[in-house]
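Each chain, written out:
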Amino acid sequence: MSATVSLSKSEKSYIRTALGELSPIRADGRSLLDYRSIALETGVASLANGSARVNIGKTAGEESGSGTEVIAAVKLEVEGVLEGEGVDGGRLMCTVSCSPAAYPHLSSAALDDLSYDMTIILNQCLSHPSLHPKNLVIIPKRRSWLLTLDVIVLSDSGNVYDALFLAARSALCDTKVPKTRSVQYQPKSNALGEQDVEMSAEAPASIFSTKEVKSTADFELADYWDEGEPLDINQEWPVCVTLNLLSAKSLPTYFLDATSQEEAAIPLRLLLLFSFSPSGTRLQSMRLMGDGEIQLESMTQLLESGENHARKLFQALKNKLQEEDFRRNQKALARFDLR
Amino acid sequence: MVTFTSFPNPKDSFSYAPPKFSTEDKNDMDIDVYEDDDDGEDFDSGTKLTCPGEPITSSHAYMRGHGTFIDQETVISSVAGTIERVNKLVSVRAIRTRYNAEVGDLIVGRITEVQPRRWKVDANSRQDAVLMLSSINLPGGVQRRKLESDELQIRQFFEEGDLLVAEVQSFFADGTMSLHTRSLTYGKLRNGQLVCVPPILIRRLKSHFVSLPCNVDLILGLNGYIWVSKHINQNRRPGEEGLDAESVYSNQNEAIDAPTRMAISRVTNLIKVLASHFVPLSDVILLEAYEWAIENDVEVKDLTQTDVCEALILTVGTKG
C-alpha cells in the first residue's frame, strides 16, 4: 500500500531518528502511546438508521479540513429471501469511499484503489459470521434486513483505520432496527388473533406480493414509541488499534495514532481488531501493512500490548457513546418541552 | 491515553442584514470618483471583508475583476475577501485561496515529478511549478555548466518528495511558474520538518529566513509552506566559506539533540495554533508566542488544547 503523502529522505530520517531515541519525541510533542484528541458525535444523519462522525486530531479553532475526519451511516433495507438477493437472517454490507479532497495528490484510479482497500478491510471484518446480529430477521426464510454501512473519509491526516472502525462501531451501536409485526393473509375475514391484520385488495401489492399464501405472508411496521431496537450484539463490534512498528528488530518498538507523515516514514503497520464482549475478548482480524518484515516471536508480545490499548480505547469509546446517548435524549426532551 | 471530546456547537445563526446599497450611495460614489480619482478609496478597498453575494458597487461606474460578478447592474462579490481596486477595475482577493505567485517570491516546494531536464514542484499553487535543470546550482561552483551527464543523473540533485526553497523566476504562457535556486541560500532542505498554513497568513518580510534564539531556523515560504529546522551556524550557512559543495544536495540529516527537537516541535505547534486562529505570522509574533509558551511552562503536546490555544491567542494574537 503506497503512502498517501510523499516525504523526502531527510524528513523520513528526521522522524525515524526522533522516534528511535531513548526518550522519543514526536513531531507534535506527543509521547509514543498518546492519541490525539478524538471528537465523536452520533446521530449526524437524520435519514440514516444510525450514524456517527469521528475526527482525530482536529486543531482547536480550525473550522474544517484538519485532522482525520470520517462519517459513517447505517441504512436498513428490506430484502426478499426467495425472490431477491437476500439471505435468511439478513446480511451486512460495508462500503468505504474516500473523498478526493482528503487525498488531493492521488489520481482518481489510485483513490479508487485506496477506497477498495479500506472497503475490503472493513467489510471482511464486520460482515464475518461471528459478528452477525440476530435481529435482522423480519419474516424467517422470507424477508430480512440488509444492513448497509457506508463510510466516507472526508480528510486524512493519519490513522485512518482507527477512525474508520471508531465511526463504524459508533454508527452500528447507534443503529435502531425498526420493529415489525407479521401480517397474515386471510381470505375469509374470520376473527383471528389481535396480531393479524386483514389485508384489503387495495393494499400496496407492488413489492410485497400477496400471492404466496402461507402462514405469514408479509409484515408491517409496528407503531412504536422509539425508532426501534438496537442491534443485539452492540458490545461486540470491534475496535481497531494500529501499531506502527518502527523497526523489525527482535524487540520492536511501536507507537499509536500516527500522523500521515509518520505513516509515510515507517516500514510496517499492524492493524489489530479486537471485539470485547461479556463472554470474553476476541481477536477479530489482523493485518500487516507496509514493506517491512517482522519476526513471528515478537507477534505474541505485540498482540498482548495491542489488546491492552484496544481495551482502553474500547472503554473510552463506550463511555463517550453513553454520554452521547444521554446528550441526545436531553436534546429530544428539550425539544419535546418546547412544543 | 485516549480522550474523547465533542464537536464544537455550530455557531448560532445570526440575523443577516444585507449591506445597504441605495441609489443615493451610488451617486455619492460616482461623484467621489470624478472628484478625487487618485485617492478614491470610496468603498474601503483593502480594509473591509466581503461576503459572497455582497453588493460592492454599480457596474456603470466600475469594471468587474476577479472574484466578482454582475447582477442587475451591480458588481457583486463572489468570494469572501478584501476589495482591491485599480482605477476602474474592482476585484476581490479571496482569503482562502491557493497561492498566487509573483516574480521574486520566496517559496518552499516539494518535488512531485522528475521529467527530462526539469522537475515539477508542488508549491501550493493551482498548477505545479517547474524547476529547470539549468536554473539550479550544480555542485562544483557557480560557473559550472550543465552537462549531459547531469541530465542523466538528474535524481542526484532532486528526487520525488524532496523539499526545496526557491525563488519564483518567471511565468510561462499558461501561467505556470518557473523557479530557480541559483543562489547558495536556496536549495534542498534538511534537518527539520514542514508546516503548512494558508498562504495569506505569510506576510512579506524583509527576510523570509528567520532565526529564533531557541536554536531554530525558519523559512517562511510565501506559498504557505514553512520549514522549521535546526539552526545552522552562520559560517556554515550555504554561501559562506565553510560550506562544502557536496552537502548542498545531501539527504543526510545532521545530529540533532533532544532540546532542539523539542524546540522544533514547539515552534511547529505554535505555528499550527496561530494559523488555526488566523493570526498572520511574522518573526516577532512567533518569538512572542514561543516566550509565552516557555514562561507558562506549557508542554509541547498541550499546545493544541483548546484552553491553551485561547490563552495564547489572547496574549499574542492581539499584538500583531
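Residues numbered from 1 in each chain as written. Chains lettered and ligands numbered in written order. Predicted model: local features only at pLDDT ≥ 70, side-chain atom pairs only at ≥ 80, totals over all residues.

**Some thoughts on the overall build of chain A**
Of the regular secondary structure elements, chain A holds five helices and 14 strands. The 339 residues of chain A split such that 39% are buried. Intrachain contacts of chain A at a sequence separation of at least 6 include 73% that bridge at least 24 residues. (Helix = DSSP H or I, 4+ residues; strand = E, 2+ residues; numbered from the N terminus. Buried ≥ 20, exposed ≤ 12 C-beta atoms within 10 Å, placed from the backbone. Contact = placed C-beta atoms within 7 Å.)

**Focus: the overall build of chain B**
Assigned secondary structure in chain B consists of five helices and 18 strands. Relative to its full complement of 320 residues, chain B shows a buried share of 31%. Nonlocal contacts in chain B, meaning residues at least 24 apart in sequence, comprise 61% of its contacts between residues at least 6 apart.

**Section: the nonpolar core**
All names here are of chain A. Ala72, Leu122, Leu149, Leu164, Ala167, Ala168 and Val239 are the most contacted members of the largest nonpolar core, which has 74 residues in total. Here the element with the most residues in this core is helix H3 (residues 160–174); it accounts for 11 residues. Once residues within four sequence positions are removed from consideration, Leu149 is found in contact with Ala72, Val74, Leu92, Cys94, Leu126, Ala168, Ala171 and Leu172. (Core = buried A, V, L, I, M, F, W, Y, C linked by C-beta atoms within 7 Å.)

**Re the sheet that holds strand E2 (residues 49–50) of chain B**
Residues and elements named next belong to chain B. Taken together, the four strands give an open sheet; going across it, the order is E2-E7-E8-E4, and neighbouring strands pair in mixed fashion. If you trace the sheet from one side to the other, it starts and ends with E2 and strand E4 (63–64), each paired once. The pairing of E2 with strand E7 (residues 81–86) spans two bridges and is classified as antiparallel. Note that in E7 the partner of Leu49 across the bridge is Thr82. (Pairing = 2+ DSSP bridges.)

**Here we look at the domain arrangement of chain B**
Domains assigned within chain B are domain 1 (48–95) and domain 2 (106–313). Computed from C-alpha coordinates alone, the two centres of domain 1 of chain B and domain 2 of chain B are separated by 35 Å. (Domains from an automatic or database assignment.)

**Considering the UniProt feature "domain: K Homology" (unreviewed entry) in chain B**
Cross-referencing UniProt, the feature "domain: K Homology" (unreviewed entry) maps to residues 192–232 of chain B in the present numbering. Taken as a whole, residues 192–232 of chain B contains 0% helix and 49% strand, while its terminal C-alpha atoms sit 11 Å from one another. (UniProt positions renumbered as here; feature names shortened; annotations may be inferred.)

**Here we look at the interface of chain B and chain A**
Taken together, the contact between chain B and chain A spans 34 residues of the former and 34 residues of the latter. Elements with a contribution of two residues or more to the side of chain B that touches chain A: strand E1 (4–5), strand E15 (192–196), helix H3 (258–276) and helix H5 (306–316) of chain B. The biggest single contributor to the side of chain B that touches chain A is H3(B), with nine residues. The class makeup of the residues in the side of chain B that touches chain A is nine nonpolar, 16 polar and nine charged. Two elements, strand E1 (residues 38–42) of chain A and E1(B), share two bridges in a ladder whose sense is parallel. Bridged to A:Ala39 within E1(B) is B:Thr5. (Nonpolar A, V, L, I, M, F, W, Y, C, P; charged D, E, K, R; others polar.)

**What to know about H3(A)**
Its 15 residues place the ends of H3(A) 21 Å apart at the C-alpha level, agreeing with the 21 Å of an ideal helix rising 1.5 Å per residue. Counting buried positions along H3(A) yields 15 of 15 residues, so the element is predominantly enclosed. (Expected span 1.5 Å × (residues − 1).)

**So, the confidence of the model for chain B**
Residue and element names in this part refer to chain B. When pLDDT is averaged across chain B, the result is 82; 82% of the residues are at 70 or more. For residues 18–41, every residue scores under 50 in pLDDT, and the model assigns this stretch 16 contacts once sequence neighbours within four places are set aside. Here the prediction assigns the complex a pTM of 0.82, and the interface score ipTM is 0.81. (pLDDT = per-residue confidence, 0-100.)

**A few points about the pairing of strand E2 (residues 50–56) of chain A**
All names here are of chain A. Counting buried residues in E2 gives seven out of seven residues, a clear majority hidden from the surface. Side-chain alternation along E2 places Gly50, Ala52, Val54 and Ile56 on one buried face and Ser51, Arg53 and Asn55 on a second face that is also buried. In terms of strand pairing, E1 meets E2 through five bridges, oriented antiparallel. Among the inter-strand pairings, Ala39 is bridged to a residue of E2, identified as Asn55. For E2 and strand E3 (residues 68–80), the ladder comprises seven bridges, and the chain directions are antiparallel. Each bridged residue has a counterpart across the sheet, and for Gly50 the counterpart in E3 is Val74.

**A look at the environment of B:Val103**
Residue and element names in this part refer to chain B. Tracing the backbone through its elements, the reader meets Val103 in the loop between strand E8 (89–94) and strand E9 (106–115). Classification of Val103 as exposed rests on a count of 11 C-beta atoms within 10 Å. Not counting residues up to four positions away in its chain, the partners in contact with Val103 are Val168 and Ser170.

**A closer look at H3(B)**
Given 3.6 residues per turn, any residue in an α-helix points the same way as the ones three and four places further on. Given a rise of 1.5 Å per residue, 19 residues ought to cover 27 Å, and the 27 Å separating the end C-alpha atoms of H3(B) matches this to within 8%. Following H3(B) by one or two positions, B:Phe278 adopts a phi angle in the positive range, close to 60°.

**Thoughts on the sheet that holds strand E12 (residues 254–255) of chain A**
Residue and element names in this part refer to chain A. Pairing is antiparallel across the open sheet formed by four strands, whose spatial order is E12-E11-E13-E14. Two strands in the sheet have a free side with no partner beyond their single neighbour: E12 and strand E14 (280–290). Two elements, strand E13 (residues 268–277) and E14, share 10 bridges in a ladder whose sense is antiparallel. Among the inter-strand pairings, Leu268 is bridged to a residue of E14, identified as Gly290. Packed onto the sheet, helix H5 (residues 296–338) meets strand E11 (239–245), E12, E13 and E14 and runs at close to 135° relative to E11. (Axes fitted to C-alpha atoms, helices over the stretch in contact; angles between N-to-C directions.)

**Remarks on unusual backbone geometry**
Residue and element names in this part refer to chain A. For Lys141, which is not a glycine, the phi torsion comes out positive at approximately 65°. Looking at the secondary structure, you find Lys141 in the loop between strand E5 (137–139) and strand E6 (143–155). Overall, the presence of 11 C-beta atoms within 10 Å leaves Lys141 in the exposed class.

**Describing the environment of A:Leu47**
Residue and element names in this part refer to chain A. Locating Leu47 in the fold gives a position in the loop between E1 and E2. Overall, Leu47 belongs to the exposed group, with 7 C-beta atoms counted inside 10 Å. Placed 27 residues apart in sequence, Leu47 and Val74 show a C-alpha to C-alpha distance of 9.5 Å.

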